[in-house]
Amino acid sequence: MLPNVDRLSSGSSPSRKWIAPAIGVAVALFLLAELNPLAQISSGYAGVLTNFGSVQPTPLAPGLHVVIPFYQQAIPVSVQPQTVTSDETASTHDLQQVTTSIAVTFHVAPADAPDFYQNFRDFETLGQRIITPAVSNDVKAVTANYDAEELVTKRDAVDAQIKALVVASLAPYHLTVESVNVANFAFSEAYSQAIEQKQVAQQQALQAQYTLQQTQISAQQQVVQAKAQADAAVETAQGQAQALLLTAEAQAKANALIAQSLTPTLLQQKALDKWDGTLPHYLTAGAPLPFIGTTPQEQTK
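Here is a short report on the structure shown in this document. Computed from a predicted model, the values in this text were never measured in an experiment. (Residues numbered from 1 in each chain as written. Predicted model: local features only at pLDDT ≥ 70, side-chain atom pairs only at ≥ 80, totals over all residues. Heavy atoms only, no water.)

**Quick word on the sheet that holds strand β2 (residues 45-51)**
Phase 1: Read across the sheet, three strands follow the order β3-β2-β5 without closing on themselves; strand pairing throughout is antiparallel. Since the sheet does not close on itself, it has two edges, and those belong to β3 (54-55) and β5 (72-78), each with one partner.
Phase 2: Relative to β5, β2 runs antiparallel, the two sharing seven bridges. The partner of Tyr45 across the bridge, within β5, is Ser78. (Pairing = 2+ DSSP bridges. Helix = DSSP H or I, 4+ residues; strand = E, 2+ residues; numbered from the N terminus.)

Okay, structure coming up:
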């Protein structure tokens, strides 16, 4: 029996030699997987290196970096544009309540990523602690300088002032502000109705003024037309009178010429040409003979 045991023992010894190395490799692979010494920083991010939680001032560029397990950690911080939106209510110079929405778009420069992570950790905290309060104060400061109506009529100036204040307020926190968008100002319902009524009244006044101007223009046109008609009538009457005068003068000249040409002898001759030779039965004493022009006594002489 002993030889058989020896043979079995001697036959299994080669496999036992690989057990320890295999376990070592497995442990190494496990530790390599769990304690990965490589850290990857993607494009659009900056890496923040910490040594036992202490933030190091030099950021890690995008790429692959070696970190010491347990001791170091590489934390990615986005350097892409971020937007924080807040709804703000403020009072105007004429004590009207106005509500607006402000959207601030910004980004963290890669060099400022360690400082950002050390102070805020994430963008939600930054928005709650810094951006929203700063925007609220800046909006209140600007709107207090304008009447409610001016917020609409001077919109560009209001937007520019709000943006300038927001940029100045966020400058100490190493944030690069790209844009500050101000939504439309919303007023109370009562004030909105008052504005609408005022606009309606202004439109009605403009319409009345336009109607008056049109009436005045129409009246002026009628006056011009009437004057033109009167002038035309006068010119016509003067023309007609001138024509009648010329006609009368011509007729008078013609009559004068005719009168000059009609001598008694010619008239008597014309009468004799038309006389049928019949004498009147009775003649008044001293009356001239028809178409002769002499009395009977003148004829006896």
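**Description of the packing of helix α4 (residues 123-143) against helix α6 (residues 155-170)**
Phase 1: Direction vectors running N to C along α4 and α6 enclose 140°, while the axes themselves pass 9 Å from each other. Taken together, the axes of α4 and α6 are oblique relative to one another. Crossing of α4 over α6 shows right-handed handedness. Where α4 abuts α6, its residues Ile130, Ile131, Ala134, Val135, Asp138, Val139, Ala141 and Val142 lie against Val158, Gln161, Ile162, Leu165, Val166, Ser169 and Leu170.
Phase 2: Residues belonging to the contact of α4 with α6 are distributed by class as follows: twelve nonpolar, two polar and one charged. (Axes fitted to C-alpha atoms, helices over the stretch in contact; angles between N-to-C directions. Parallel < 35°, antiparallel > 145°, perpendicular 65-115°, else oblique. Left-handed = near helix turned anticlockwise from the far one by under 90°. Contact = heavy atoms within 4.5 Å. Nonpolar A, V, L, I, M, F, W, Y, C, P; charged D, E, K, R; others polar.)

**Concerning the pairing of strand β1 (residues 38-41)**
Phase 1: With burial as the criterion, only one face of β1 is covered, namely that bearing Ala39 and Ile41; the residues Leu38 and Gln40 on the opposite face remain uncovered.
Phase 2: Relative to strand β4 (residues 63-66), β1 is paired through four bridges, and the arrangement is antiparallel. Residue pairing in the sheet places Ala39 in a bridge with His65 of β4. (Buried < 20%, exposed > 50% of the residue type's maximum accessible area, 1.4 Å probe, protein only.)

**A word on the nonpolar core**
Phase 1: Ranked by size, the top nonpolar core spans 36 residues in total, and within it Val104, Phe106, Leu126, Ile131, Ile162 and Leu170 carry the most contacts.
Phase 2: For this core, the elements supplying multiple residues, two or more each, are β2, β5, β6 (82-91), β7 (97-108), α3 (113-119), α4, α6 and β8 (175-182).
Phase 3: Per-element tally for this core: the top contributor is α4, with eight residues.
Phase 4: Three or more residues apiece are contributed to this core by two domains, here domain 1 (31-78) and domain 2 (82-187). (Core = buried A, V, L, I, M, F, W, Y, C linked by side-chain atoms within 4.5 Å. Domains from an automatic or database assignment.)

**Let's talk about the pattern of salt bridges**
Phase 1: Applying the stated criterion across every chain, the model contains three salt bridges.
Phase 2: A salt bridge links Lys154 to Glu150, with the shortest nitrogen-to-oxygen separation between them at 3.6 Å.
Phase 3: Linking Asp159 and Arg155 is a salt bridge whose minimum nitrogen-to-oxygen distance equals 3.0 Å. On the criterion of helical spacing, the pair formed by Asp159 and Arg155 is a turn pair, its members being four residues apart in helix α6. (Salt bridge = Lys/Arg side-chain N within 4 Å of Asp/Glu carboxyl O.)

**Some details on the side chain of Asp138**
Phase 1: Note that Asp138 resides in helix α4.
Phase 2: One buried charged side chain, Asp138, makes no salt bridge at all; its nearest oppositely charged neighbour is Lys140, positioned 10 Å away.
Phase 3: Filtering out sequence-adjacent residues up to four positions away, Asp138 remains in contact with Leu165, Val166 and Ser169. (Lys, Arg positive; Asp, Glu negative; His and termini not counted.)

**Some remarks on unusual backbone geometry**
Phase 1: At Leu95, a residue that is not glycine, the phi angle is positive and equals roughly 60°.
Phase 2: Mapped onto the secondary structure, Leu95 falls in the loop between β6 and β7.
Phase 3: On the basis of relative accessibility, which here comes to 71%, the residue Leu95 falls in the exposed class.
Phase 4: The phi torsion at His174 lies on the positive side, around 55°, for a residue other than glycine.

Read these as geometric descriptors, not functional statements.
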